[in-house]
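Below, each chain spelled out in residue letters.
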Amino acid sequence: MKLGIVGLPNVGKSTLFNSLTKAGAESANYPFCTIDPNVGIVAVPDERLKLLGDMYKSKKVTPAVIEFVDIAGLVKGASKGEGLGNQFLSNIREVDAIVHVVRCFEDTNVIHVDGSVNPLRDIETINLELIFSDLEVLERRLSKVIKAARMDKTAAKEQAFLERIKAHLESGKQAKSMEITDEDELALMKEYNFLTWKPVIYAANVSEDDLGDDGASNAMVQEVREYAKNENSEVFVICAQIEQEISELDDDEKAMFLEDLGLKESGLDKLIAASYRILGLMSFLTAGEDETRAWTIKIGTKAPQAAGKIHSDFERGFIKAEVVNYKDLLEQGSLAAAREKGLVGIEGKDYIVKDGDVILFRFNV
């Protein structure tokens, strides 16, 4: 999974990226200090892995990972190459979802690119740039399709669809707000890879004082929540400065620090949970002496396709899957003991994998 972190200059974007990835991207108080998109790989925290790894005394424990891309500060006119526009808009095209950091705190020491703090205006600024960028991509596709449409019914149908999207985008709306029921059109929409079709998670960056009640008393956070609700996006409240402090602590110190702040989870935990929800993802597990590992798949994936995540041979030669819930496995202490208790299911090609399943695949190639 790849998430792109975007936001206007000086909203706390690189500070957040640094704390999530501990990559130390230069975070100075001036626009465009992030010129190359910094990339960081983050392990997905998963208590189940540690417990299973300890039980099997696994030589290796491998968590699922998320790739974060810190995309440089966008400004008005980015789609026309203002600031460092175009190169960064192309970087966003590669991600599965966009994490949009929005400033919801006042601080006279941190300059705002527009001179005042207004989260909804900031969201609209970025969204407009993404719409302009999508229109450019659409125009290029449309000019090719128009030529083919004279001789080809399929191309003529696509031309009509592109013209509908164009009108929608030109009215200032995002691609994802279009109602599309036709399966062919949906397939085309995925192929176009429009930025405004991608799911968005808003990171409402607040001061430390607003963390305790999860931003409930911050009017700017409420505005962002309302906006996100209307477009089916996720929101989580974060204090990038606090996240940076958390990132420098070990696990025990981190737990104590969060407790002192009255928090149950860090911003990274909130972001990972939000990204799994919005992308419809979950994890299944494989466990043994050599390695215990988490594998990320789409909710609703069937056993052979889950096996294919490990290796294409597993999917091609799939015979059956031995499946046990991780809690049952931990309680019984071994797969053999879980089998004796009848807790291990023998599943075929139509089995839909569940979150927390520990699976042993049988295959023959």
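Residues numbered from 1 in each chain as written. Predicted model: local features only at pLDDT ≥ 70, side-chain atom pairs only at ≥ 80, totals over all residues. Heavy atoms only, no water.

Participant: I tried to follow the overall build of the protein on my own but got confused; where do I start?
Facilitator: Of the regular secondary structure elements, the protein holds 14 helices and 12 strands. Relative to its 365 residues, the protein shows a buried fraction of 48%. For the protein, restricting intrachain contacts to residue pairs at least 6 apart in sequence, the fraction spanning at least 24 positions comes to 69%. On the protein, roughly 18,100 Å² of surface is accessible, and the fraction owed to carbon and sulfur atoms is 49%. (Helix = DSSP H or I, 4+ residues; strand = E, 2+ residues; numbered from the N terminus. Buried < 20%, exposed > 50% of the residue type's maximum accessible area, 1.4 Å probe, protein only. Contact = heavy atoms within 4.5 Å. Areas by Shrake-Rupley, 256 points an atom, 1.4 Å probe, with all protein chains shown as cover.)

Participant: In this structure, what is going on with the pairing of strand S7 (residues 234–238)? I would like to understand it.
Facilitator: Consecutive residues of a regular strand have side chains that alternate between opposite faces of the sheet. For S7, the buried fraction is high: 4 of the 5 residues fall into the buried class. The pairing of strand S6 (residues 200–205) with S7 spans 5 bridges and is classified as parallel. The residue bridging Ile-201 from the neighbouring strand is Glu-234, located in S7. Crossover connection from S6 via helix H7 (residues 219–230) to parallel S7: handedness right-handed. (Pairing = 2+ DSSP bridges. Right-handed = clockwise from strand over helix to strand, strands pointing away.)

Participant: Just to check I follow, could you spell out the pattern of salt bridges for this structure?
Facilitator: Two side chains that carry opposite charge are able to pair once their charged atoms sit near each other. Applying the stated criterion across every chain yields a total of 22 salt bridges. Here Glu-234 ties to Arg-277 by a salt bridge, and the two come within 2.8 Å at their closest N and O atoms. A residue pair is termed long-range when its members are at least 10 positions apart, and Glu-234 in strand S7 and Arg-277 in helix H10 (residues 267–279) qualify at 43 residues. Given the relative accessible area of 19%, Glu-234 is considered buried. On the accessibility criterion, Arg-277 (52% relative accessible area) is exposed. Each of Lys-2, Glu-67 and Glu-94 takes part in one network of salt bridges that share partners. (Salt bridge = Lys/Arg side-chain N within 4 Å of Asp/Glu carboxyl O.)

Participant: What exactly am I supposed to notice about empty space enclosed by the protein here?
Facilitator: To find leftover empty space, one rolls a probe the size of a water molecule over the atoms. Per the counting criterion, the structure on display carries 2 cavities of 30 Å³ or more. Taken as a whole, the largest cavity encloses approximately 40 Å³ of empty space. Lining the largest cavity, in full, are Ile-98, His-100, Asn-127, Leu-130, Gln-174, Leu-195, Val-200 and Tyr-202. For the lining of the largest cavity, the secondary-structure elements that each account for two or more residues are strand S5 (97–103), helix H4 (119–149) and S6. Its residues assigned to classes, the lining of the largest cavity shows 5 nonpolar, 3 polar and no charged. Estimates place the volume of the second largest cavity at around 30 Å³. Around the second largest cavity, the lining residues are Leu-211, Val-237, Ile-238, Glu-243, Leu-263, Glu-265, Ser-266, Gly-267 and Lys-270. Mapped onto the lining of the second largest cavity, the elements with two or more residues apiece are S7 and H10. For the lining of the second largest cavity, the residue count by class is 4 nonpolar, 2 polar and 3 charged. (1 Å grid on protein atoms, 1.4 Å probe; cavity = no way out; pocket = protein on both sides within 12 Å on 5 of 7 lines; lining within 4 Å. Points joined across faces, edges and corners; volume = space filled by probe spheres on them. Nonpolar A, V, L, I, M, F, W, Y, C, P; charged D, E, K, R; others polar.)

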